[in-house]
Amino acid sequence: MKRNWELTGEAFDKFLSWLHPDREEAGKKYEDIRRHLIIILNCRGCDAAEELADETINRVIRRAQQMADTYRGEPAPYFITVANNLFLEYRTKLQITSELPADFPEPDPDPDDDREYDCLDQCMEELRPANRDLVLRYYSEDKQAKIDHRKQLADEMGIGVNALRIRAHRIRLTLQECLDKCLASGPVM
Amino acid sequence: MTGASSEESRLRAYLLGELPPEERVPVEERLLMDRDFVELLLILEEELTDGYLRGALSEQERNEFENYFLTTPARRRKLKMARVLKRYVANKRPELAPGTRTDRPSGAFRRRLVFAPIWGTALAAMLVAAVGIGIWRTVIYESTVDKGLAALRAYRRESPVEGRVSGFDWGPRNETLGDGSNDIPDRTKLDVAGRYLSDAVNTRGDADSHHALGKYYLVKGDLDAAIAQFYTALESAPKNAKLHSDLGVALLERGRLSREGSSDSLPDFAESLVHLDEALKLDPALLEALFNRALCHEHMNARSQAADDWKAYLERDGGSLWREKARRHLLDMEDDKKKTSQDKEFKESSPPTKPGMEARR
């Protein structure tokens, strides 16, 4: 890896135009690629997903300077190949620095539980009443009862079960973000 | 995202690390460019996590979830969130009346009360009501877990497993030839127990309800499901000696059934022993755990440890139905020991045999 290579505005522009001729679209694509790379690396069990995603993009930007004019097709496979190589390097480094395999994740101890509960309570209060109600109802049943229950809920809302699933997921993402912020800040009053 | 079932199975396999590299790469390429596909992946992540907490994953999936899926801090954070959300929703089920919706007041509600003195009278009334509910819960109220366990207790009179399950006054399983047992299981009671205990897990989702549902599966013979429930319970009650003992019984039974004595059963026996040791460390007076450990040692052919455990058990058990069983185990072991030493003496004193003689003897 050439570590003395510096990211310049010009290089970044060339990279964006390789992603998409329209700069705004290219910007969106770049954001998506970065976010999705983090998710993919997480799926691979990489606990430095953000750093590796950024390094992947840096390497692709560097290579784009030479190949942008000649490369044909979607850039996705190229990103995945670079991310794969980086991940393998990362794993090898990890094995060298630590002879032990990655520890099995310990079950989370309970001390934080009440604080998490209070934070979640606060985050639920911040949701719009309709969304709060949806979360409570969507996650309230189990197994077959849950399937029936969600169908009924979707019917009441006049949407399909899949649309309901997506809606619940998006609210849950908001809750996760709020919970992370709350836990990172001081104690809940 | 319609018609996504095959996509979903593929993504689920991807999340659990089941896909070979040649199938994984196209999935990742699509994930990189397709927002909807990423959203589906994130939904499935949540559903897997919720399923893990409910004990709804198969044994294989649970292993993959713990050893592959849960290896990053981000996912462990999601597991934490799922756990607290589950507890929150169980406390605030919409169908319950407002006064009984939660066992703890909401943080925002507490904040509002602190800053609004006008609510003083209402607070006093609520406190009186809360005390009343407290008395009702401790003196009169029988929880769904209690009801489920009572039904399970009434299901039969003899233990369906070789070991001792905590909290039940069943006698040992009758293993005489011709089945001299007069234990006729009442399957209706088992069904009732299943309904109460599943409901308890859905609504409370705490360690006690998972422990109780685990006992139900154990009694029913669904050992994988029992073990999953016990592990879920252990997450929030790692110091519960009875829970460790019951998990030990379930693992012991699974090991015993998977071709006793073969190498397949050894990991279960070894894991069982870890939990039974832990149970006795937490509560040295727990007779069930001592009985189960003696059995476990016996299955592992650790004869002297098994004999020590049986002796210790007989010293402590004043006269339960299990005492006789323990005495028989100890006698059998001593008989075996005598027989082995007699055989050895006989072999040493006998003249060399002609070929074929040994086989006939």
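Computed from a predicted structure; not experimentally measured. (Residues numbered from 1 in each chain as written. Chains lettered and ligands numbered in written order. Predicted model: local features only at pLDDT ≥ 70, side-chain atom pairs only at ≥ 80, totals over all residues. Heavy atoms only, no water.)

1. A few points about the nonpolar core
Membership of the largest hydrophobic core comes to 57 residues, with the highest contact counts inside it found for A:Phe15, A:Trp18, A:Leu19, A:Phe79, B:Leu11, B:Tyr14 and B:Leu31. Counting residues per element, the ones that place at least two in this core are helix H1 (9-19), helix H2 (23-43), helix H3 (49-67) and helix H4 (76-97) of chain A together with helix H1 (5-15), helix H2 (21-33), helix H3 (35-54) and helix H5 (73-91) of chain B. Core analysis: the next-biggest nonpolar cluster, separate from the first, contains 35 residues, B:Val165, B:Tyr216, B:Phe230 and B:Ala233 among them. (Core = buried A, V, L, I, M, F, W, Y, C linked by side-chain atoms within 4.5 Å. Buried < 20%, exposed > 50% of the residue type's maximum accessible area, 1.4 Å probe, protein only. Helix = DSSP H or I, 4+ residues; strand = E, 2+ residues; numbered from the N terminus.)

2. So, the confidence of the model for chain B
Residue and element names in this part refer to chain B. Mean pLDDT over chain B works out to 79, with 76% of the residues at or above the 70 mark. Ignoring residues within four places in sequence, the model shows residues 94-115, a span with pLDDT below 50, making 36 contacts including any to other chains. Predicted confidence is poor over residues 354-361, with pLDDT under 50, and the contacts of this stretch with residues over four places away or in other chains come to 4 contacts. (pLDDT = per-residue confidence, 0-100. Contact = heavy atoms within 4.5 Å.)

3. Focus: the state of the cysteines
Residues and elements named next belong to chain A. Across all of its chains, the model carries 2 disulfides over all chains by this definition. Shown here is the disulfide that connects Cys-119 with Cys-182, its sulfur atoms set 2.0 Å apart. Judged by the torsion about the S-S bond (-75°), the Cys-119/Cys-182 disulfide is left-handed. Of this pair, Cys-119 sits in helix H5 (residues 113-126) while Cys-182 sits in helix H8 (residues 161-184), and the two are 63 residues apart along the sequence. (Disulfide = S-S within 2.5 Å.)

4. Quick look at the packing of aromatic side chains
All names here are of chain A. Taken as a whole and judged by the stated rule, the model has 17 aromatic pairs over all chains. For the pair Phe-15 and Tyr-30, a centre-to-centre distance of 6.2 Å together with 90° between the ring planes defines the contact as edge-to-face. Taken together, the positions of Phe-15 in helix H1 and Tyr-30 in helix H2 put the pair 15 residues apart, joining distant regions of the chain. According to the relative accessible area criterion, Tyr-30 is buried, its value standing at 18%. Aromatic pair Tyr-138 and Tyr-139: ring centres 4.9 Å apart, planes at 85°, arrangement edge-to-face. Residue Tyr-138 shares its accessibility class with Tyr-139, and that shared class is buried. Each residue in the set Phe-12, Phe-15, Trp-18, Tyr-30, Tyr-78 and Phe-79 is aromatic and connected to the rest through ring pairs, giving one cluster. (Phe/Tyr/Trp six-rings, centres within 6.5 Å; stacked < 30°, edge-to-face > 60°.)

5. Describing the packing of helix H10 (residues 207-220) of chain B against helix H11 (residues 223-236) of chain B
Residues and elements named next belong to chain B. Running from N to C, H10 and H11 point in directions that differ by 165°, and their axes come no closer than 8 Å. The pairing of H10 with H11 is recorded here as roughly antiparallel in orientation. At the point where H10 passes H11, the crossing takes the left-handed sense. Taking contact as the criterion, the partners of Ala-207, His-210, His-211, Leu-213, Gly-214, Lys-215, Tyr-217 and Leu-218 in H10 are, on H11, Leu-223, Ala-225, Ala-226, Gln-229, Phe-230, Thr-232, Ala-233 and Ser-236. Taken together, the residues that form the contact of H10 with H11 break down as 9 nonpolar, 6 polar and 1 charged. (Axes fitted to C-alpha atoms, helices over the stretch in contact; angles between N-to-C directions. Parallel < 35°, antiparallel > 145°, perpendicular 65-115°, else oblique. Left-handed = near helix turned anticlockwise from the far one by under 90°. Nonpolar A, V, L, I, M, F, W, Y, C, P; charged D, E, K, R; others polar.)

6. Side note on the pattern of salt bridges
As a working rule, side chains carrying opposite charge can pair if their charged atoms are close by. Tallied over the entire structure, the rule returns 36 salt bridges over all chains. The residue A:Arg165 makes a salt bridge to B:Glu8 at a minimum N-O spacing of 2.8 Å. Pair noted here: A:Arg165 is in helix H8 and B:Glu8 is in helix H1, and the two residues belong to different chains. In this pair, the class of A:Arg165 matches that of B:Glu8, namely buried. Taking the shortest distance from any N to any O, the salt bridge between B:Arg83 and B:Glu235 comes out at 2.7 Å. Note that B:Arg83 is positioned in helix H5 and B:Glu235 in helix H11, a separation of 152 residues in sequence. Its relative accessible area of 16% is what places B:Arg83 among the buried residues. Judged by its relative accessible area of 15%, B:Glu235 falls in the buried class. Put simply, B:Glu59, B:Arg62, B:Glu66, B:Asp224, B:Arg254 and B:Asp268 are held in one network by salt bridges that share partners. (Salt bridge = Lys/Arg side-chain N within 4 Å of Asp/Glu carboxyl O.)

7. Some details on empty space enclosed by the protein
For the structure shown, the criterion picks out 6 cavities of 30 Å³ or more. There is about 70 Å³ of room inside the second largest cavity. As for the second largest cavity, its lining consists of A:His169, A:Arg172, A:Leu173, A:Gln176, B:Leu42, B:Glu46, B:Lys78 and B:Met81. Of all the secondary structure elements, the ones that give two or more residues to the lining of the second largest cavity are H8 of chain A together with H3 and H5 of chain B. No other element matches the 4 residues that H8(A) contributes to the lining of the second largest cavity. Grouping the constituent residues of the lining of the second largest cavity by class yields 3 nonpolar, 2 polar and 3 charged. (1 Å grid on protein atoms, 1.4 Å probe; cavity = no way out; pocket = protein on both sides within 12 Å on 5 of 7 lines; lining within 4 Å. Points joined across faces, edges and corners; volume = space filled by probe spheres on them.)

8. Some points on H1(A)
All names here are of chain A. When we look at burial in H1, the residues that qualify are Ala-11, Phe-15, Leu-16, Trp-18 and Leu-19. The buried residues of H1 occupy an angular sector of 155° when projected down its axis, which confines them to one face. Of the exposed residues in H1, those oriented more than 90 degrees away from the buried face are Gly-9 and Glu-10. (Arc of directions from axis to C-beta.)

9. Focus: unusual backbone geometry
Residue and element names in this part refer to chain B. You will see that Asn-301, though not glycine, has its phi angle at about 60°, which is positive. Topologically, Asn-301 is positioned in the loop between helix H14 (287-299) and helix H15 (303-316). Take Asn-301: its relative accessible area is 57%, and that puts it in the exposed class.

10. What to know about the confidence of the model for chain A
Of all residues in chain A, 83% attain a pLDDT of 70 or more, and the chain-wide mean is 81. Scored below 50 in pLDDT, residues 99-109 of chain A shows 10 contacts in the model against residues more than four places distant or in partner chains.

11. Let's talk about the side chain of A:His169
Tracing the sequence through the fold places A:His169 in helix H8. Overall, A:His169 belongs to the buried group, its relative accessible area being 2%. Of the polar contacts made by the side chain of A:His169, one reaches the side chain of B:Glu46; its length is 2.9 Å. Not counting chain neighbours up to four residues away, the residues in contact with A:His169 comprise B:Glu39, B:Leu42, B:Ile43 and B:Glu46. (Polar contact = N/O pair within 3.5 Å; in protein donor to acceptor, adjacent residues only side chain to side chain.)

12. What about the packing of helix H9 (residues 187-203) of chain B against H10(B)?
Residue and element names in this part refer to chain B. The geometry of H9 relative to H10 is characterised by a closest axis approach of 9 Å and an angle of 150° between their N-to-C directions. The angle between the axes of H9 and H10 places the two elements in the roughly antiparallel class. By crossing handedness, the relation of H9 to H10 is classed as left-handed. The segment H9 lies against H10, with Leu-190, Ala-193, Gly-194, Leu-197, Ser-198, Ala-200 and Val-201 engaging Ser-209, His-210, Ala-212, Leu-213, Tyr-216, Val-219 and Lys-220. Class assignment of the residues belonging to the contact of H9 with H10 gives a composition of 9 nonpolar, 4 polar and 1 charged.

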